[in-house]
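Architecture and fold: a report
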Amino acid sequence: MLLRLSFYIRAQALYEVAALWVSTAAVGVVFYHVNPAAGYLIIPYVVWNSFAAAFNYMLYRDNKQLPAVEKVEGKKN
């Protein structure tokens, strides 16, 4: 049960970082209309969010399958 929960948490984190990226880009556009310098200052944060989204996606993709539980019969400790 705990393994399935951690899988769903990783999927939730991927959706959350995507929403963060969209909202950051929207803030950058709005800031640019108010003051172009403020809009340009959001660009490094958008780049950082893009890196975080790519990293999160790689973790999600590489750990998508739940690990198999091996059954060992006849083995005593």
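Criteria and cut-off values
- Every chain is numbered independently, its residues counted from 1 as its sequence is written.
- Selection of residues for local features in this predicted model requires a pLDDT of at least 70, selection of side-chain atom pairs for listing and counting requires 80 or more, and totals for whole chains, interfaces and linings are taken over all residues.
- Remark: hydrogens and water are excluded; side-chain values derive from all non-hydrogen atoms of the structure.
- UniProt positions are given in the numbering used here, feature names are shortened, and annotations may be inferred rather than shown by experiment.
- Elements are defined by DSSP. Helices are runs of H or I of four residues or more, strands are runs of E of two residues or more, and each kind is numbered from the N terminus.
- Only protein chains enter the accessibility calculation, which uses a 1.4 Å probe; a residue whose area is less than 20% of its type maximum is buried, one above 50% is exposed, and one in between is partly exposed.
- When checking whether two residues touch, look at their non-hydrogen atoms; a contact exists if any pair is within 4.5 Å.
- Surface accessibility in these figures is a Shrake-Rupley result with a 1.4 Å probe; residues are shielded only by whichever protein chains are displayed.
- Within 6.5 Å between ring centres, the rings of Phe, Tyr and Trp (the latter by its six-membered ring) count as paired, and their orientation is classed by plane angle as stacked under 30 degrees, edge-to-face over 60, tilted in between.
- Here a patch means residues that are over 30% exposed by relative accessible area and free of salt bridges, tied together within 9 Å if like-charged and within 5 Å if nonpolar (Val, Leu, Ile, Met, Phe, Trp, Tyr).
- For this analysis, a salt bridge means a side-chain nitrogen from Lys or Arg found within 4 Å of a carboxyl oxygen belonging to Asp or Glu.

Going by the annotation in an unreviewed UniProt entry, the name recorded for the chain is Translocator protein, with Temnothorax longispinosus given as the source organism. UniProt's Sequence similarities (unreviewed entry) comment on the chain is quoted here verbatim: "Belongs to the TspO/BZRP family." Note on the chain: under the UniProt heading Subcellular location (unreviewed entry), the record states "Membrane".

Here's the deal with the overall build of the chain
If you tally the helices and strands in the chain, you get three helices and zero strands. Counting from the amino terminus, the chain carries its helices and strands in the arrangement α-α-α. Across the 77 residues that make up the chain, the buried fraction comes to 16%. Of the contacts made within the chain by residues no fewer than 6 positions apart, 68% connect residues no fewer than 24 positions apart. If you sum the accessible surface of the chain, you get close to 6700 Å²; carbon and sulfur atoms cover 67% of it.

Section: the packing of aromatic side chains
Taken as a whole and assessed by the stated rule, the structure comprises three aromatic pairs. Ring geometry for Tyr 32 and Tyr 40: centres 5.5 Å apart, planes at 65 degrees, overall edge-to-face. Note on Tyr 32: relative accessible area 37%, which makes it partly exposed. Aromatic side chains Phe 51 and Phe 55 sit 6.4 Å apart centroid to centroid with 15 degrees between the ring planes, which places their arrangement in the stacked category. On the criterion of helical spacing, the pair formed by Phe 51 and Phe 55 is a turn pair, its members being four residues apart in helix α3 (residues 43-62). Grouped by ring-pair contacts, the aromatic residues Trp 48, Phe 51 and Phe 55 constitute a single cluster.

What about the side chain of Asn 56?
Looking at the secondary structure, you find Asn 56 in helix α3. For Asn 56, the contacting residues outside a window of four places in its chain are Arg 10, Ala 13, Leu 14 and Val 17.

With respect to a nonpolar patch on the surface
The grouping of Leu 20, Tyr 45, Trp 48, Phe 51, Phe 55, Tyr 57, Met 58 and Leu 59 at the surface amounts to a nonpolar patch, some 830 Å² of accessible area in total. A total of seven residues in the nonpolar patch trace back to one element, the largest contributor, which is α3. Within the secondary structure, Leu 59 is located in helix α3. Residue class for Leu 59 comes out partly exposed when judged on its relative accessible area of 37%.

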